[in-house]
Amino acid sequence: MILTEEDYKLIEIYKDMLPSKIFDAHAHVYNGAGLPTACGSGVFYRECVNHETYTADMSDYFPGCDFEINMIPMPDIKIKSDKTVVDKANAYLINILKNDNKNIGSVYVHVTDSEQRIGDLVTNNGIKALKCYHYSAPNPDPETCVISDFLPESAWVVANEKKLPIILHVMRINAILDSENITYVNRMTEKYPDAKLVLAHCGRSFAPHTVVRSADKIADNENIWFDTAAICESPSVIACLKKTKGKRVVWGTDYPICLNIGKPIGMGSGFCWITGDNLPPNCKPAHLIAESLIAHKLAFMLSDLTQTEINAIFYDNAKNLFSLR
Ligand SMILES: [Zn+2]
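Reading the values: rules and limits
Residues numbered from 1 in each chain as written. Predicted model: local features only at pLDDT ≥ 70, side-chain atom pairs only at ≥ 80, totals over all residues. Helix = DSSP H or I, 4+ residues; strand = E, 2+ residues; numbered from the N terminus. Rg over C-alpha atoms; globule rule 2.2 N^0.38 Å. Buried ≥ 20, exposed ≤ 12 C-beta atoms within 10 Å, placed from the backbone. Contact = placed C-beta atoms within 7 Å. Right-handed = clockwise from strand over helix to strand, strands pointing away. Pairing = 2+ DSSP bridges. Axes fitted to C-alpha atoms, helices over the stretch in contact; angles between N-to-C directions. Parallel < 35°, antiparallel > 145°, perpendicular 65-115°, else oblique. Left-handed = near helix turned anticlockwise from the far one by under 90°. Nonpolar A, V, L, I, M, F, W, Y, C, P; charged D, E, K, R; others polar.

Trainee: An account of the overall build of the protein is requested, with residue identities and associated values reported.
Mentor: Looking only at helices and strands, the protein features eleven helices and eleven strands. Against the compact-globule benchmark of 20 Å for 325 residues, the protein has a radius of gyration of 18 Å, which places it among compact chains. Within the span of the protein, comprising 325 residues, buried residues form 52% of the whole. Restricting the contact set of the protein to residue pairs at least 6 apart, pairs at least 24 apart contribute 76%.

The structure is reproduced here in structure tokens:
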């Protein structure tokens, strides 16, 4: 990783908040077979990524920190037409974790998967959660896709039985503010109280108003969690902290997406990714990981969090979420 000048400046600003132990609740791993379309381009320039490439790429941003990682397969658009890509992505993850007793993983669940199939996947060493993606929906349109189009009820049954988290990236224009999404989240977390639902990316609130304005509509169910992966807008983090009193928020990087230069920001009523290819002239960019960390630092300051509470976001809450103690 080659850091920019601005990266170094941001690290100086945020580094005093970092605990020595970091748990990344949302990082992706892949190899070419499981990511046939994107592998080899952009931030996916490596042939494969795992916990070793992660540590090599992230350590400069976390001086002196030790990592534990929840590794998630990276979704490939080809999943729409070729389900074997899901199997290959899961096989790669399961193989990485075979002899790893430090890190954990989340297997990729396809909308057509049965309880039996999902139950078998979670018996593998280190598999502690489920992940779904809208690409597996019959119509994976990001603006109209409802959650049940890509998250099968069989996943809820298994998650409920085994007390596992389901990591969910909601779609539709208004993300977690969308009434269909909110109704689904409230209904299913009530119906399956032992499953834990993680609303990834603060409920995909790259447009911060979506989670800020939906917080009082989301049920106060103890099994609704948030991860903050790739979020670079402080209000989104603050909304999740307020909603859960800081108890059900976990830090994540969205590695290797966080290797982009630039960041996603609220733009109009939606959001926009201002990254390497479309940076305004004369701006001095940092990498997304540093932008996200500075947004977290500001959110924690504005929320008057103690260091113990900050440590919980970066580590302890994830241990509770994934039942690792
Ligand atoms: Zn992700």
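Trainee: Please give an account of helix α5 (residues 153–162) that cites residues and values.
Mentor: Those residues of α5 that sit buried are Ala 155, Trp 156, Val 158 and Ala 159. Looking at the buried residues of α5, the elements they touch are α4 (115–121), β5 (127–131), β6 (165–168) and α6 (179–191).

Trainee: Residue-level account of unusual backbone geometry, with values.
Mentor: The residue after Tyr 255, namely Pro 256, is reached through a cis peptide bond having omega 0 degrees. Along the chain, Pro 256 turns up in the loop between β9 (249–250) and β10 (262–267). Positive phi outside glycine occurs at Asp 254, with the angle close to 65 degrees. Topologically, Asp 254 is positioned in the loop between β9 and β10. The phi dihedral of Ser 323 falls on the positive side, at around 50 degrees, and the residue is not glycine. Position of Ser 323 relative to the elements: it lies in the segment after α11 (307–321). The class of Ser 323 is partly exposed, set by 13 C-beta atoms lying within 10 Å.

Trainee: An account of the environment of Ala 56 is needed here, citing residue identities and associated values.
Mentor: Relative to the helices and strands, Ala 56 is located in helix α2 (residues 51–58). The exposure class assigned to Ala 56 is exposed, which follows from the 11 C-beta atoms found within 10 Å. Sequence spacing of Ala 56 and Phe 300 is 244 residues, and the spatial spacing of their C-alpha atoms is 27 Å.

Trainee: Pulling in residues and values, what's your account of the pairing of β5?
Mentor: Burial analysis of β5 places four of its five residues in the buried class, which makes it a mostly covered element. Assessed by its sense of winding, the connection that carries the chain from strand β4 (residues 104–108) through α4 to β5 is right-handed. Sheet topology note: the β5/β6 ladder contains two bridges and is parallel. Residue pairing across strands places Leu 130 opposite Ile 166, the latter belonging to β6. Running through α5, the crossover from β5 to the neighbouring parallel element β6 is right-handed.

Trainee: Explain the packing of helix α1 (residues 5–14) against helix α10 (residues 288–302) residue by residue, including any values.
Mentor: Running from N to C, α1 and α10 cross one another at 30 degrees; their axes reach a closest spacing of 9 Å. Relative to α10, the element α1 is oriented roughly parallel. You can see that α1 and α10 cross each other, and the crossing is left-handed. Of the residues in α10, those touching α1 at Asp 7, Leu 10, Ile 11, Ile 13 and Tyr 14 are Ala 290, Leu 293, Ile 294 and Lys 297. Its residues placed into classes, the contact of α1 with α10 shows seven nonpolar, no polar and two charged.

Taken by themselves, the reported measurements are silent on function.
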